[in-house]
Amino acid sequence: MGEQAEDSGRSGDQVNLTINGKSISAPSSLSVIQALWHTGYPRVKSVGCLEGVCGSCRVMVRRVDSREVTTELGCQVLIEEGMQVNFLLFPTPTHHRYQLEEINSSWEVQGKFHKFFPEAEMCRHCGGCNQTCPKGISVELGVELASKGRFEEAGALFIECVLCNLCQTACPESIAPNHVGLFSRRVSAYFHIRPSNLINRLEKLRKGELEIIK
């Protein structure tokens, strides 16, 4: 806390902005959260690690002379003149519950994935998850790769995911892309995933979409 207080006193060009509708003035070297502390707001809801890791400080940002509204992390974005910031306070949607022990072997991973995340195949490719991700992750592609059984590739895409749930909130099909990414990383580490093309064929056999010619 002492270090944060010291950071909050850093110098920089003074800028004026609004945070949650409150007009404040603070040095441009400060983040959104530091600017709040600098101007006398000692406590802010949805503040966590302050390192861009926990994903708690989700904010909507609109910059001057721009109609675009972006979603970012309040501890990571520096304040700018005329910026409008609003903290996003919404309940964390219930995430999917599963145990890796429910999967007997890597042969079953793809089938179990579609059981745990049945909505993953309903992706509309609207790009909303990509737009909301404050880490710039290709979220939509990650979901697509996981749906095809390419869990190692999907997991690698989500390596910087902080589970802020913004992608989940933006999805019209209620897909939980961040948890798809977490699942992909967990199964890749837990199992030695077998070739995805082979698993895909086995999955098609299980669904009756592929016929064995004797």
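Source: prediction; values computed, not measured.

A few points about the overall build of the chain
On a plain count of helices and strands, the chain comes out with 9 helices and 5 strands. In sequence order, the secondary structure elements of the chain are arranged as α-β-β-α-β-β-β-α-α-α-α-α-α-α. Across the 214 residues of the chain, 42% fall into the buried class. Carbon and sulfur atoms make up 49% of the accessible area of the chain, which totals about 12000 Å².

A short note on the pairing of strand β4 (residues 69-73)
β4 sits mainly inside the fold: 4 of its 5 residues count as buried. Of the pairings in the sheet, the one linking strand β3 (residues 58-62) to β4 comprises 5 bridges and is antiparallel in character. When the sheet's bridge partners are listed, Val 59 is paired in β4 with Glu 72. Once β3 ends, the chain turns through 6 residues before running back antiparallel as β4, passing Asp 65 with a positive phi of about 65°.

A look at the pattern of salt bridges
Enumeration according to the criterion identifies 5 salt bridges in this entry. Glu 173 serves as the salt-bridge partner of Arg 124, at 2.7 Å between the closest nitrogen and oxygen. In this pair, Arg 124 is assigned in the loop between α3 (109-116) and α4 (128-132) and Glu 173 in the loop between α7 (166-170) and α8 (177-190), connecting sequence segments 49 residues apart. Assessed through its relative accessible area of 23%, Glu 173 is described here as partly exposed. The salt bridge involving Glu 153 is made with Arg 150; its shortest N-O contact spans 2.8 Å. One network of salt bridges, in which partners are shared, links Arg 63, Glu 72 and Glu 80.

Points about the side chain of Gln 110
Within the secondary structure, Gln 110 sits in helix α3. Given a relative accessible area of 2%, Gln 110 falls into the buried group. Within the structure, the side chain of Gln 110 is placed 3.1 Å from the backbone oxygen of Ser 147, a separation counted as a polar contact. Setting aside residues no more than four positions away along its own chain, Gln 110 makes contact with Ser 147, Lys 148, Gly 149, Phe 151, Ile 199, Asn 200 and Glu 203.

Comments concerning the confidence of the model for the chain
Model confidence for the chain is summarised by a mean pLDDT of 85, while 88% of its residues fall at 70 or above. Highest mean pLDDT in the chain belongs to helix α5 (residues 139-147) (95); lowest belongs to helix α1 (residues 2-8) (46). Note that residues 1-8 has pLDDT below 50 and, in this model, 9 contacts with residues that lie over four places away or in other chains.

Quick word on a nonpolar patch on the surface
Residues Trp 107, Leu 198, Leu 202, Leu 205, Leu 210 and Ile 212 make up a contiguous nonpolar surface patch of roughly 500 Å² in combined accessible area. Its location among the elements puts Leu 205 in helix α9 (residues 196-207). We classify Leu 205 as partly exposed; its relative accessible area is 32%.

Points about α5
The buried count for α5 comes to 7 of 9 residues, which makes it a mostly enclosed element. Buried positions along α5 lie against α3, α4, α6 (151-157), α7 and α8. The positive-phi residue at the C-terminal boundary of α5 is Gly 149, with phi of around 85°.

Scoring rules and cut-offs
- Residues numbered from 1 in each chain as written.
- Predicted model: local features only at pLDDT ≥ 70, side-chain atom pairs only at ≥ 80, totals over all residues.
- Heavy atoms only, no water.
- Helix = DSSP H or I, 4+ residues; strand = E, 2+ residues; numbered from the N terminus.
- Buried < 20%, exposed > 50% of the residue type's maximum accessible area, 1.4 Å probe, protein only.
- Areas by Shrake-Rupley, 256 points an atom, 1.4 Å probe, with all protein chains shown as cover.
- Pairing = 2+ DSSP bridges.
- Salt bridge = Lys/Arg side-chain N within 4 Å of Asp/Glu carboxyl O.
- Polar contact = N/O pair within 3.5 Å; in protein donor to acceptor, adjacent residues only side chain to side chain.
- Contact = heavy atoms within 4.5 Å.
- pLDDT = per-residue confidence, 0-100.
- Patch = residues over 30% accessible without salt bridge, like charges linked within 9 Å, V, L, I, M, F, W, Y side chains within 5 Å.

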